[in-house]
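One-letter residues, chain by chain:
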Amino acid sequence: MIERWSRDQVLALAPDAASAKAAQGVASPGRWQVRGVAGTLLYGACGGSGAQPYLACVDLSEPAYRCTCPSRKFPCKHALGLLLLWAGDGAPEGDPAPAWAAEWLAARTRRASRQRPTRTPDQHPAPAGLTGQTGAESVRHGRVGAGLAEVERWLADQVRQGLAGAAEHEWDGLAKRLIDAQAPGVAGMVSRLAQVRAGDDWPGRLLAEYALINLLAVAYRRRAELPAPLARTVLVRAGFPVTRDEVLAGPALRDHWDVLGRRDETQDRLTARRVWLRGRKSGRAALVLSFAPPGQPLDATLVTGVTLDADVTFYPGAAPLRALVADRHGTVPAAGPPPGRSPEEALEEVARAVGEDPWVESWPLVLADVVPERAAIGGLPLHPAARDPWRLLAVSGGRPLTVAAEWTPRGLRPLTTWDDDGVAVIL
């Protein structure tokens, strides 16, 4: 049986504020000619402007959505409105699902079984670029090496001439040359320098970014001397791809994974969605990344506050964090907040991760028994953009609670907390 979500959790699935508002407009029982829940299938028929009602379905085990309305938003207002009704106990259970809904769910099950990859214990992909280089890989390494050698020389000039002399057009030109050199990962790091330069505290941050780029260039040049996991991390950071099939073919970790929260960020012409997970048994942290062009739907299958019984596979590296949800075995009953750690233990965890992968930009933490303040949580400073977390302060009321947050070098970004009843409150 699926644990009923809160209104907060449903509205967090909306692709934008307009969809969230419109969903509340159709979340009235009188708008639905048919509605109900059969197992993990939520269905309903909502009257609209046409002669026929819009038929909406949600597979609560993923979740996955379908609606016959013409909206390009995903999930649409009808699917969200149906979920709001269900969250408020407004969708009756027990009746068989209508044929159109049952057929959709059966088709999904058939597709999932065809697409599920087969993993075997000895099916570990060879690290690209480390062993058995093909001719094309060797040529690429030559190009990347030449591009990063130029980066090392350019950085030395920058430090010698002074940080204040850096100009945006120089970074743009260098980033384009790195793209030509087939080092898109380093090009992305260079592209972000203009944003760093625009901040009030730019001198220290710009120097730190230069140091990380230089470290990556040197590590790439000396990758043969590095331990294999760290060498793989260097290749991935430089921009060598790891395919989805390669990750899914790797060993999987089955656990009860708490979905801690998510954050959307626009980068260049793409919107990136970061969804943070934490395993209840293993304590492992995981990051599920998805991308979409502006206006296109992002992955909405991971609901904040839900606990999944799932197999997760990790991208290779010295401190594996990015992951894929390979197989789901259903949700598990809510058991309150996920296990947390003290601020001191959390910092030790971050220190280990940064020690293994110096280019880590963020890391999920669950802090237990901490009292939030306007500029800190449990003594750990908040990110400048996350200060004055009024909702978190209101839930706390000065009392200690559990907070899931994203660690970044500039401070914590609160994601989720849990109220006295163990219900997730999205921040």
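Residues numbered from 1 in each chain as written. Predicted model: local features only at pLDDT ≥ 70, side-chain atom pairs only at ≥ 80, totals over all residues. Heavy atoms only, no water.

Points about the overall build of the chain
In step 1: Of regular secondary structure, the chain possesses 13 helices and 15 strands.
In step 2: Scaling as 2.2 N^0.38, a compact globule of 427 residues should have a C-alpha radius of gyration of about 22 Å, and the chain matches this with 24 Å.
In step 3: Over its C-alpha atoms, taken along the principal directions, the chain stretches across nearly 70 × 55 × 45 Å.
In step 4: Counting only residues that meet the buried cut, the chain has 44% of its 427 residues in that class.
In step 5: Here the analysis covers contacts within the chain between residues at least 6 apart in sequence; of these, 62% occur between residues at least 24 apart.
In step 6: Put simply, the chain shows about 20500 Å² of open surface, and 53% of that area lies on carbon and sulfur atoms.
In step 7: Of the side-chain charges in the chain, 50 are positive and 47 negative, and the distance between the mean point of each set is 5 Å. (Helix = DSSP H or I, 4+ residues; strand = E, 2+ residues; numbered from the N terminus. Rg over C-alpha atoms; globule rule 2.2 N^0.38 Å. Buried < 20%, exposed > 50% of the residue type's maximum accessible area, 1.4 Å probe, protein only. Contact = heavy atoms within 4.5 Å. Areas by Shrake-Rupley, 256 points an atom, 1.4 Å probe, with all protein chains shown as cover. Lys, Arg positive; Asp, Glu negative; His and termini not counted. Charge placed at Lys NZ, Arg CZ, Asp CG, Glu CD.)

Focus on the pairing of strand 3 (residues 54-59)
In step 1: The buried fraction of strand 3 is high, at five of six residues.
In step 2: As defined by bridge partners, strand 2 (residues 41-46) adjoins strand 3 across six bridges and the pair is classed as antiparallel. Within the sheet, the bridge partner assigned to Gly44 lies in strand 3 and is Ala56.
In step 3: Hairpin connection between strand 3 and strand 4 (residues 64-67): a loop of four residues separates the two successive antiparallel strands. (Pairing = 2+ DSSP bridges.)

As for the environment of Val354
In step 1: Inspection of the secondary structure puts Val354 in helix 12 (residues 343-356).
In step 2: In this structure the C-alpha to C-alpha distance between Val354 and Ala319, which are 35 residues apart in sequence, comes to 8.2 Å.

Any functional reading would require information beyond the geometric quantities listed.
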